[in-house]
Amino acid sequence: MAIRGKYGARTVGVRPTAGGQMTATPLDLVTGADLRRAMGCWATGIAVITTSDGGTLAGLVSNSFTSISLEPPLVSWAVDKNSSSYETWINTDNYAVHILSESHRDLVARFAAKGTDKFAGLDWESGVLGSPIVAADVPRVECRLWQQVDAGDHVILIGEVVSISDQDDFRPLTNHVYWAK
(Lines give C-alpha, C1' and ligand atoms only; values in the text may rest on other atoms or scores of the structure.)
Protein backbone atom coordinates (compact mmCIF):
# COMPACT_ATOMS: atom_id res chain seq x y z
CA MET A 1 0.00 0.00 0.00
CA ALA A 2 1.44 3.38 -0.90
CA ILE A 3 0.76 6.14 1.59
CA ARG A 4 0.94 9.56 -0.05
CA GLY A 5 0.18 13.05 1.13
CA LYS A 6 1.77 15.69 3.27
CA TYR A 7 3.78 12.94 4.97
CA GLY A 8 5.46 11.87 1.72
CA ALA A 9 5.06 8.45 0.11
CA ARG A 10 6.17 5.07 1.29
CA THR A 11 5.07 1.50 0.88
CA VAL A 12 3.82 -0.29 3.94
CA GLY A 13 3.28 -3.96 4.64
CA VAL A 14 2.86 -5.67 1.24
CA ARG A 15 4.82 -5.89 -2.00
CA PRO A 16 4.08 -7.47 -5.41
CA THR A 17 6.14 -10.52 -6.32
CA ALA A 18 7.66 -11.08 -9.78
CA GLY A 19 4.40 -12.82 -10.77
CA GLY A 20 2.31 -9.83 -9.71
CA GLN A 21 0.88 -11.43 -6.55
CA MET A 22 0.75 -9.32 -3.40
CA THR A 23 2.65 -10.85 -0.51
CA ALA A 24 3.53 -9.73 2.98
CA THR A 25 7.15 -8.72 3.33
CA PRO A 26 9.31 -7.47 6.16
CA LEU A 27 9.27 -3.93 4.63
CA ASP A 28 7.82 -1.88 7.46
CA LEU A 29 5.20 -2.87 9.95
CA VAL A 30 1.98 -0.92 9.64
CA THR A 31 1.85 1.49 12.57
CA GLY A 32 -1.07 3.23 14.22
CA ALA A 33 0.11 6.46 12.59
CA ASP A 34 0.02 4.74 9.17
CA LEU A 35 -3.53 3.58 9.77
CA ARG A 36 -4.62 7.00 11.05
CA ARG A 37 -3.28 8.69 7.89
CA ALA A 38 -4.95 6.16 5.60
CA MET A 39 -8.27 6.32 7.45
CA GLY A 40 -8.11 10.12 7.38
CA CYS A 41 -8.86 9.79 3.67
CA TRP A 42 -12.18 8.08 4.48
CA ALA A 43 -14.90 10.69 5.00
CA THR A 44 -16.88 9.96 8.15
CA GLY A 45 -19.38 11.86 10.17
CA ILE A 46 -18.56 13.28 13.56
CA ALA A 47 -20.70 12.39 16.55
CA VAL A 48 -20.75 13.38 20.19
CA ILE A 49 -21.65 10.43 22.39
CA THR A 50 -22.86 10.99 25.96
CA THR A 51 -23.83 8.87 28.92
CA SER A 52 -24.73 9.06 32.57
CA ASP A 53 -23.71 6.22 34.83
CA GLY A 54 -24.91 6.61 38.40
CA GLY A 55 -24.72 10.39 38.15
CA THR A 56 -21.28 10.42 36.49
CA LEU A 57 -21.52 12.21 33.14
CA ALA A 58 -19.25 11.33 30.23
CA GLY A 59 -19.02 12.56 26.68
CA LEU A 60 -16.62 12.24 23.80
CA VAL A 61 -16.19 12.77 20.07
CA SER A 62 -16.38 9.72 17.82
CA ASN A 63 -16.10 8.98 14.14
CA SER A 64 -16.40 5.20 14.62
CA PHE A 65 -20.20 5.32 14.92
CA THR A 66 -21.98 2.98 12.47
CA SER A 67 -25.14 0.96 12.05
CA ILE A 68 -24.87 -2.80 12.58
CA SER A 69 -28.32 -4.37 12.23
CA LEU A 70 -31.89 -3.45 11.34
CA GLU A 71 -33.50 -6.39 13.20
CA PRO A 72 -32.91 -5.70 16.00
CA PRO A 73 -31.91 -2.07 15.44
CA LEU A 74 -28.24 -2.00 16.50
CA VAL A 75 -25.47 0.59 16.20
CA SER A 76 -21.89 0.61 17.45
CA TRP A 77 -18.91 2.79 18.22
CA ALA A 78 -15.54 2.21 19.89
CA VAL A 79 -14.06 3.71 23.05
CA ASP A 80 -10.31 3.91 23.60
CA LYS A 81 -9.13 1.93 26.64
CA ASN A 82 -6.88 4.90 27.51
CA SER A 83 -9.81 7.33 27.67
CA SER A 84 -10.05 9.09 31.03
CA SER A 85 -13.76 8.17 31.08
CA TYR A 86 -13.20 4.53 30.04
CA GLU A 87 -14.55 3.08 33.32
CA THR A 88 -17.76 5.08 32.94
CA TRP A 89 -18.23 3.84 29.37
CA ILE A 90 -17.73 0.17 30.17
CA ASN A 91 -20.01 0.37 33.22
CA THR A 92 -22.90 2.29 31.66
CA ASP A 93 -26.00 0.63 30.27
CA ASN A 94 -27.00 3.48 27.93
CA TYR A 95 -25.70 6.19 25.65
CA ALA A 96 -26.92 8.89 23.25
CA VAL A 97 -25.29 9.54 19.88
CA HIS A 98 -25.58 13.09 18.54
CA ILE A 99 -24.82 13.20 14.80
CA LEU A 100 -23.34 16.66 14.41
CA SER A 101 -24.15 19.22 11.77
CA GLU A 102 -21.83 21.89 10.46
CA SER A 103 -23.47 24.38 12.82
CA HIS A 104 -22.41 22.32 15.86
CA ARG A 105 -18.65 22.29 15.31
CA ASP A 106 -18.17 24.01 18.70
CA LEU A 107 -19.23 20.76 20.39
CA VAL A 108 -16.28 18.94 18.82
CA ALA A 109 -13.69 21.05 20.67
CA ARG A 110 -15.67 20.84 23.92
CA PHE A 111 -16.07 17.05 23.88
CA ALA A 112 -12.60 16.32 22.47
CA ALA A 113 -10.91 18.25 25.29
CA LYS A 114 -9.11 16.16 27.88
CA GLY A 115 -9.21 16.78 31.62
CA THR A 116 -12.11 19.23 31.61
CA ASP A 117 -15.73 19.14 32.72
CA LYS A 118 -17.28 18.86 29.26
CA PHE A 119 -20.75 19.66 30.61
CA ALA A 120 -19.80 22.84 32.54
CA GLY A 121 -21.97 25.72 31.38
CA LEU A 122 -23.73 23.55 28.82
CA ASP A 123 -27.53 23.30 28.79
CA TRP A 124 -28.60 19.68 28.52
CA GLU A 125 -31.51 17.46 29.45
CA SER A 126 -31.87 13.77 30.23
CA GLY A 127 -32.85 11.48 27.39
CA VAL A 128 -35.24 8.53 27.61
CA LEU A 129 -32.64 6.31 29.32
CA GLY A 130 -30.89 9.08 31.26
CA SER A 131 -28.06 9.98 28.87
CA PRO A 132 -27.42 13.72 28.54
CA ILE A 133 -28.94 15.28 25.43
CA VAL A 134 -26.61 18.14 24.51
CA ALA A 135 -28.00 19.17 21.11
CA ALA A 136 -31.72 18.78 20.54
CA ASP A 137 -31.61 19.96 16.92
CA VAL A 138 -29.42 17.22 15.42
CA PRO A 139 -30.21 13.63 14.45
CA ARG A 140 -29.81 11.53 17.57
CA VAL A 141 -30.13 7.91 18.58
CA GLU A 142 -30.46 6.78 22.16
CA CYS A 143 -29.33 3.27 22.95
CA ARG A 144 -29.46 0.58 25.58
CA LEU A 145 -26.15 -1.28 25.79
CA TRP A 146 -26.51 -4.62 23.99
CA GLN A 147 -22.95 -5.97 23.94
CA GLN A 148 -19.30 -5.04 24.48
CA VAL A 149 -16.56 -6.49 22.28
CA ASP A 150 -12.86 -6.27 23.10
CA ALA A 151 -10.97 -4.98 20.05
CA GLY A 152 -7.27 -4.30 20.62
CA ASP A 153 -6.79 -0.94 22.31
CA HIS A 154 -10.54 -0.19 22.08
CA VAL A 155 -13.82 -1.73 23.22
CA ILE A 156 -16.71 -1.73 20.75
CA LEU A 157 -19.99 -0.76 22.39
CA ILE A 158 -23.00 -2.14 20.54
CA GLY A 159 -26.30 -0.54 21.45
CA GLU A 160 -29.91 -1.36 20.74
CA VAL A 161 -31.62 1.79 19.48
CA VAL A 162 -34.61 2.70 21.67
CA SER A 163 -35.25 6.26 20.47
CA ILE A 164 -34.52 8.25 17.32
CA SER A 165 -34.75 11.98 16.73
CA ASP A 166 -34.07 13.14 13.19
CA GLN A 167 -33.95 16.42 11.30
CA ASP A 168 -35.36 17.29 7.89
CA ASP A 169 -32.80 19.89 6.81
CA PHE A 170 -29.41 18.56 7.85
CA ARG A 171 -25.84 19.18 6.66
CA PRO A 172 -23.57 16.67 8.40
CA LEU A 173 -20.24 17.68 9.85
CA THR A 174 -17.63 15.32 8.41
CA ASN A 175 -14.01 14.85 9.36
CA HIS A 176 -12.97 16.49 6.06
CA VAL A 177 -15.13 19.56 6.72
CA TYR A 178 -14.04 19.91 10.37
CA TRP A 179 -10.30 19.49 9.93
CA ALA A 180 -10.19 21.65 6.76
CA LYS A 181 -11.18 24.79 8.70
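For the structure, see preceding data.
On a predicted model such as this, the values are computed, not experimentally measured, just so you know.

### Thoughts on the layout of surface pockets
With a probe scaled to a water molecule rolled over the atoms, the places where space remains empty come into view.
Reasoning step 1: Here the second largest pocket is characterised by a volume of approximately 150 Å³.
Reasoning step 2: Together, L57, A58, G59, S84, S85, K114, G115, T116, D117, K118 and F119 line the second largest pocket.
Reasoning step 3: Of the residues that constitute the lining of the second largest pocket, the class distribution is 3 nonpolar, 5 polar and 3 charged.

### Thoughts on the nonpolar core
Soluble, globular proteins show a tendency: their nonpolar side chains are buried together.
Reasoning step 1: Counting 16 residues, the largest nonpolar core has I49, W77, V79, W89, Y95 and L157 as the members making the most contacts within it.
Reasoning step 2: Of all elements in the fold, only β5 (47–53), β6 (56–62), β8 (74–80), α2 (86–91), β9 (94–99), β12 (140–151) and β13 (154–165) reach the threshold of two or more residues within this core.
Reasoning step 3: Counting residues in hydrophobic clusters, the runner-up holds 12 residues, among them V108, F119, V138 and L173.

### Section: the pairing of β9
Every regular strand shows the same layout, with side chains that alternate between the two sheet faces.
Reasoning step 1: Most of β9 sits inside the fold, with 5 of its 6 residues counted as buried.
Reasoning step 2: By the bridge criterion, 4 bridges tie β5 to β9 in an arrangement that is antiparallel. The residue of β9 that forms the bridge with A47 is I99.
Reasoning step 3: Where β9 and β12 come together, 5 bridges link them in antiparallel fashion. Residue A96 lies in a different strand from β12, and its bridge partner there is E142.

### Considering the packing of aromatic side chains
Reasoning step 1: Counted according to the given criterion, the structure contains 4 aromatic pairs.
Reasoning step 2: Plain terms: the ring middles of W77 and W89 are 4.9 Å apart, the flat faces sit at 80 degrees to each other, and that makes the pair edge-to-face. With W77 in strand β8 and W89 in helix α2, this pair connects stretches of sequence that are 12 residues apart.
Reasoning step 3: Relative to Y95, the ring of W77 has its centre 5.8 Å away and its plane inclined at 80 degrees; by these criteria the two rings are edge-to-face. Pair noted here: W77 is in strand β8 and Y95 is in strand β9, with a separation of 18 residues, a long-range link. Both residues of the pair, W77 and Y95, belong to the buried class.
Reasoning step 4: Members of the aromatic cluster, each reached through a chain of ring pairs, are W77, W89 and Y95.

### With respect to the pattern of salt bridges
Reasoning step 1: As enumerated under the stated definition, the model contains 3 salt bridges in all.
Reasoning step 2: R140 is the partner of E142 in a salt bridge, and the nearest nitrogen-oxygen pair spans 3.7 Å.
Reasoning step 3: Here E160 and R144 are joined by a salt bridge, their closest N and O atoms 3.7 Å apart. Here the residue E160 occupies a position in strand β13, and R144 occupies one in strand β12, the gap between them amounting to 16 residues.
Reasoning step 4: Overall, E160 belongs to the partly exposed group, its relative accessible area being 24%.

Cut-offs applied
Residues numbered from 1 in each chain as written. Predicted model: local features only at pLDDT ≥ 70, side-chain atom pairs only at ≥ 80, totals over all residues. Heavy atoms only, no water. 1 Å grid on protein atoms, 1.4 Å probe; cavity = no way out; pocket = protein on both sides within 12 Å on 5 of 7 lines; lining within 4 Å. Points joined across faces, edges and corners; volume = space filled by probe spheres on them. Nonpolar A, V, L, I, M, F, W, Y, C, P; charged D, E, K, R; others polar. Core = buried A, V, L, I, M, F, W, Y, C linked by side-chain atoms within 4.5 Å. Buried < 20%, exposed > 50% of the residue type's maximum accessible area, 1.4 Å probe, protein only. Helix = DSSP H or I, 4+ residues; strand = E, 2+ residues; numbered from the N terminus. Pairing = 2+ DSSP bridges. Phe/Tyr/Trp six-rings, centres within 6.5 Å; stacked < 30°, edge-to-face > 60°. Salt bridge = Lys/Arg side-chain N within 4 Å of Asp/Glu carboxyl O.

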